[in-house]
Amino acid sequence: MGSEVEHKIPVIDLSEEKDLKPGSDSCVLACKKVRYAMEEYGCFEIVCDKFPPELRNSIFGAAKDLFDLPKETKMKKITDRPSALGYVAEHPKHPRYETLGINNGVFDSIKESSFHILQFFKYRTPQSDESDLSLGLSAHKDSAHITIIHQHHVGGLRIKTKDGQWIFDVKHSSSSFVVLAGYVLMAWCNDRIFACEHQVSIRDQNETRYSVGLITYTKGILNVPEELVDDKHPLRYKPIDSFGFKIFRLSEEGSKSACL
Ligand SMILES: O=C(O)CCC(=O)C(=O)O
Ligand SMILES: [Fe+2]
């Protein structure tokens, strides 16, 4: 079991537009930092102070309005994709967590090969008779390629490092976004990056917690690129159907699988 330590996840400031201009020296440097962070931590924090507070408030205002809808409305099928991308209600395993995902083409990727789902998360405050007052979402790794999480007023996201230590103080602020590697990225890069284990645990929560995630999946079958296979990194994965893998994990067989 890991213990509470003073670890911090790497922070990369992407507030400056020049850092995002492909080919520029500062972009190359930013890429190196991203690579280091992903290989060593499977995650990093982006700081970007260009996120207007009005936009942030209106996004989380809309999230609250959506979650406040009657359960029957939230349960309505809003996509032809598998139901996991729509609404997921509270469940005995995560009694305070609800999530609602949107994928209607608005977030079609700039790159042909990927698509994104915008997913809102809500964690209600604990009731006095609940035994585990801090349980938000138990430890897990995401199926996706990459997840980017933004936490609103209430923090609680925790990250496990390579050596099994939990980082308890993942910062949450209006300019902070946490990028997490998922299983599909780990498979694609032949274990050079590990899927980041994380959980949501909320101490002293007296306010509903909202967060939002942008989750990237890859279309079709992914192969490990030849360049990522060598003597030190022998091929470890068969071609993987990224989205099929997510559906498998949600199935009964997948949820029992020992390797996940
Ligand atoms: O709410 C959060 O901060 C994280 C949610 C999460 O990890 C998930 O739903 O997979
Ligand atoms: Fe997650």
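Residue numbers run consecutively from 1 along every chain, following the written order of its sequence. As a convention, the first chain written is A and the first ligand written is 1, with the rest following in written order. Where totals are concerned, whole chains, interfaces and linings use all residues; where local detail is concerned, this predicted model gives features only for residues with pLDDT of at least 70, and gives and counts side-chain atom pairs only at 80 or more. For side-chain calculations, the full set of non-hydrogen atoms in the structure is used, while hydrogens and water are omitted.

Looking up the chain in an unreviewed UniProt entry gives the name 1-aminocyclopropane-1-carboxylate oxidase-3-like protein, with the organism given as Morus notabilis. What the UniProt record of the chain gives under Sequence similarities (unreviewed entry) is the line "Belongs to the iron/ascorbate-dependent oxidoreductase family." UniProt positions are given in the numbering used here, feature names are shortened, and annotations may be inferred rather than shown by experiment.

Take the overall build of the chain next. In this text, helices come from DSSP runs of H or I with a minimum length of four residues, and strands from runs of E with a minimum of two, each type numbered from the N-terminal end. The secondary structure content of the chain amounts to 6 helices and 14 strands. Here a residue-residue contact requires only that any non-hydrogen atoms of the pair lie within 4.5 Å. In the chain, the proportion of contacts linking residues at least 24 apart, taken out of those at least 6 apart, comes to 72%. Method for areas: the Shrake-Rupley scheme with a 1.4 Å probe, in which residue coverage is limited to the protein chains shown. On the chain, roughly 14600 Å² of surface is accessible, and the fraction owed to carbon and sulfur atoms is 55%.

Now for the site of ligand 1. What makes a residue near a molecule or strand is one non-hydrogen atom of that residue sitting within 4 Å of it. Around ligand 1, the surrounding shell consists of Tyr97, Phe121, Tyr123, Leu137, His140, Asp142, Ile149, Leu157, His198, Val200, Arg209 and Ser211. Under this definition, polar contacts are N or O atom pairs within 3.5 Å; protein pairs additionally need one hydrogen-donor-capable and one acceptor-capable atom, and for neighbouring residues in sequence, both atoms have to be side-chain atoms. Between an oxygen atom of ligand 1 and a side-chain N or O atom of Asp142, the distance comes to 3.3 Å. In the model, an oxygen atom of ligand 1 is placed 2.9 Å from a nitrogen or oxygen of the Arg209 side chain. Surface burial for ligand 1 is 92%, taken as the share of its 300 Å² of free accessible area covered by protein chains. Breaking the shell around ligand 1 down by element, the ones donating at least two residues are β5 (114–123), β6 (135–140), β11 (198–201) and β12 (209–218). Counted by class, the shell around ligand 1 contains 7 nonpolar, 3 polar and 2 charged residues. Throughout this entry, Asp, Glu, Lys and Arg are counted as charged residues, while Ala, Val, Leu, Ile, Met, Phe, Trp, Tyr, Cys and Pro are counted as nonpolar. The remaining residues, Gly among them, count as polar.

Helix length check: helix α1 (residues 25–41) (17 residues) gives 24 Å between terminal C-alpha atoms against 24 Å at 1.5 Å per residue, within 8%. Within α1 the residues assigned to the buried category are Cys27, Ala30, Ala37, Met38 and Tyr41. Across the axial projection of α1, the buried residues extend over an arc of 100°, all falling on one side. Residues of α1 that are exposed and angled more than 90 degrees away from the buried face: Asp25, Lys32, Arg35 and Tyr36. Of the surrounding elements, those touching the buried residues of α1 are β2 (43–47), β7 (146–151), β10 (176–181) and α4 (183–188). Phi turns positive one or two residues past the end of α1, at Gly42, with a value near 70°. One less than the residue count of a helix, multiplied by 1.5 Å, gives the span that helix is expected to have. The rule is simple: take the accessible area with a 1.4 Å probe, protein chains only, and divide by the maximum for that residue type; under 20% is buried, over 50% is exposed, in between is partly exposed. Starting at the helix axis, one direction is taken to each C-beta atom, and the arc is that of these directions.

Here, two cysteine sulfur atoms that lie within 2.5 Å of each other are counted as a disulfide. Under the counting rule described, the total for this entry stands at 0 disulfides. Between Cys196, a free cysteine, and Cys43, which holds the nearest cysteine sulfur, the sulfur-to-sulfur gap is 3.9 Å. Classification of Cys196 as buried rests on a relative accessible area of 0%.

Turning next to the coordination of the iron ion (ligand 2). Only His140 (NE2), Asp142 (OD) and His198 (NE2) from the protein reach the iron ion (ligand 2) as donors, at distances of 2.1 to 2.2 Å. Sodium, potassium and calcium take a 3.2 Å donor cutoff, other metals 2.8 Å, and in both cases only N, O and S atoms count; water is not among them, so sites may look incomplete. Counting the intervening residues between successive donors of the iron ion (ligand 2) yields the motif H-x1-D-x55-H. Remark: His198 occurs in strand β11 and Asp142 occurs in the loop between β6 and β7; sequence separation between them is 56 residues. Take Asp142 and His198: they sit in the same class, and that class is buried.

Mapped onto the fold, Arg124 is located in the loop between β5 and β6. Setting aside residues up to four positions removed in sequence, Arg124 forms contacts with Glu90, Pro95, Arg96, Glu130, Gln205 and Thr208.

We now examine the sheet that holds strand β4 (residues 97–102). Whether two strands pair comes down to DSSP finding at least two bridges between them. The strand order across the open sheet built from 8 strands is β1-β2-β10-β7-β12-β5-β4-β3, with neighbouring strands paired in mixed fashion. A single partner strand is all that each edge strand has here, and the edge strands are β1 (11–13) and β3 (87–88). In terms of strand pairing, β7 meets β12 through 6 bridges, oriented antiparallel. Bridge pairing in β12 links Thr147 to Ile215. Lines fitted to C-alpha atoms define the axes, with helix axes restricted to the stretch in contact, and inter-axis angles between N-to-C directions lie between 0 and 180 degrees. Each of β1, β2, β7 and β10 is contacted by α1, which is oriented at about 140° to β2, the strand it contacts most. On the sheet, helix α5 (residues 242–250) packs against β5 and β12 and is oriented at approximately 130° with respect to β12.

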